[in-house]
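In case you want the letters, here they are:
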There are 2 protein chains.
Amino acid sequence: MLVVQVHVHVKPEAIDAFREATLENARNSVLEPGVIRFDVLQEREDQTRFQLVEIYRTAEDPARHKATAHYAAWRDAVEPMMAEPRRSVKLEALFPDAACWEMPEETAGE
Amino acid sequence: MLVVQVHVHVKPEAIDAFREATLENARNSVLEPGVIRFDVLQEREDQTRFQLVEIYRTAEDPARHKATAHYAAWRDAVEPMMAEPRRSVKLEALFPDAACWEMPEETAGE
């Protein structure tokens, strides 16, 4: 399991459009077999700052995600919205156990 | 629901001790009624950098967490391990729906 955290800083006028484009991407991304979760977060004290927390089954799955049509559409849509380049960090999940990272069955993909 | 992300940078010689103290704290924290998740992550490219991702039910629950004996024990144990002060960020979860943040029933608290 691999956690990729993408830090995004958007232009103030792009907050709503970024949110919409990113939710659409997230809804499609959680349907990929290699994606365990695809969380979207927004900072409370600076709403121009977002995080995508992408949890993949294997080291190959981030590249598969980047090969999808929904990723390409998102990347192109948000390109003019960036206030600065995105920064991504790869993390190892130490707690809880891997099984706990799955979304509850009845809600997955909503 | 409130997400608190705590960024921790430890001294290189404290990596193992910090991990142990933090896993103990996390195992106790997920048993708090106000805690939905308490994830512990470590950066792959700089193992002195950790994140605690604390997901609370309400705005009052972070203060309740800080009033527990396990939090106090953790705070005191890790104090000499810090390479720099901890930094915390409050985030709003935009995706998925709140129900998806709960740990799967059969694995919760493990």
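Residues numbered from 1 in each chain as written. Chains lettered and ligands numbered in written order. Predicted model: local features only at pLDDT ≥ 70, side-chain atom pairs only at ≥ 80, totals over all residues.

Caption draft 1: Layout of the overall build of chain A. The helix and strand tally for chain A stands at three helices and four strands. The order of α-helices and β-strands along chain A, N terminus first, is β-α-β-β-α-α-β. A compact globule built from 110 residues should have a C-alpha radius of gyration of about 13 Å, and chain A, at 14 Å, falls within 12% of that. Dimensions of chain A along its principal axes, counting C-alpha atoms only, are 40 × 30 × 25 Å. Across the 110 residues in chain A, those meeting the buried criterion constitute 29%. A separation threshold of at least 6 residues defines the contact pool for chain A, and within that pool the share at least 24 residues apart is 75%. (Helix = DSSP H or I, 4+ residues; strand = E, 2+ residues; numbered from the N terminus. Rg over C-alpha atoms; globule rule 2.2 N^0.38 Å. Buried ≥ 20, exposed ≤ 12 C-beta atoms within 10 Å, placed from the backbone. Contact = placed C-beta atoms within 7 Å.)

Caption draft 2: Geometry of the packing of helix α1 (residues 15–29) of chain A against helix α3 (residues 69–78) of chain A. Residue and element names in this part refer to chain A. Here α1 crosses α3 at 170°, and the two axes come no closer than 9 Å. What the angle tells us is that α1 and α3 run roughly antiparallel. Counting all contacts with α1, which are made through Phe-18, Ala-21, Thr-22, Asn-25, Asn-28 and Ser-29, the residues of α3 involved are His-70, Tyr-71, Trp-74, Ala-77 and Val-78. Among the residues forming the contact of α1 with α3, the class breakdown is six nonpolar, five polar and no charged. (Axes fitted to C-alpha atoms, helices over the stretch in contact; angles between N-to-C directions. Parallel < 35°, antiparallel > 145°, perpendicular 65-115°, else oblique. Nonpolar A, V, L, I, M, F, W, Y, C, P; charged D, E, K, R; others polar.)

Caption draft 3: Quick peek at the pairing of strand β1 (residues 2–9) of chain B. All names here are of chain B. Bridging between β1 and strand β3 (residues 49–56) involves eight bridges; their strand directions are antiparallel. Bridging across to β3, His-9 finds its partner in Arg-49. As judged from the five bridges shared by β1 and strand β4 (residues 87–95), these two strands associate in the antiparallel manner. The residue bridging Val-4 from the neighbouring strand is Lys-90, located in β4. (Pairing = 2+ DSSP bridges.)

Caption draft 4: How the structure looks around helix α1 (residues 15–29) of chain B. End to end, α1(B) covers 21 Å across 15 residues, agreeing with the expected 21 Å (1.5 Å per residue, within 8%). Contacts from the buried residues of α1(B) go to β4 (87–95) of chain A together with β2 (35–43), β3, α2 (61–66) and α3 (69–78) of chain B. (Expected span 1.5 Å × (residues − 1).)

Caption draft 5: Local environment of the sheet that holds β1(B). With antiparallel pairing, the eight strands of this closed barrel are ordered in space as β1(A)-β3(A)-β2(A)-β4(B)-β1(B)-β3(B)-β2(B)-β4(A). Strand-to-strand twist across the sheet, computed as the mean angle between neighbouring axes with direction ignored, equals 35°. Pairing geometry for β2(B) and β3(B), over seven bridges, is antiparallel. The residue bridging B:Asp39 from the neighbouring strand is B:Val53, located in β3(B). Contacting β2 (35–43) and β3 (49–56) of chain A together with β4 of chain B, α1(A) crosses the sheet at an angle of about 165° to β2(A). Along the sheet, α1(B) contacts β4 of chain A together with β2 and β3 of chain B; its crossing angle with β2(B), the most-contacted strand, is approximately 165°.

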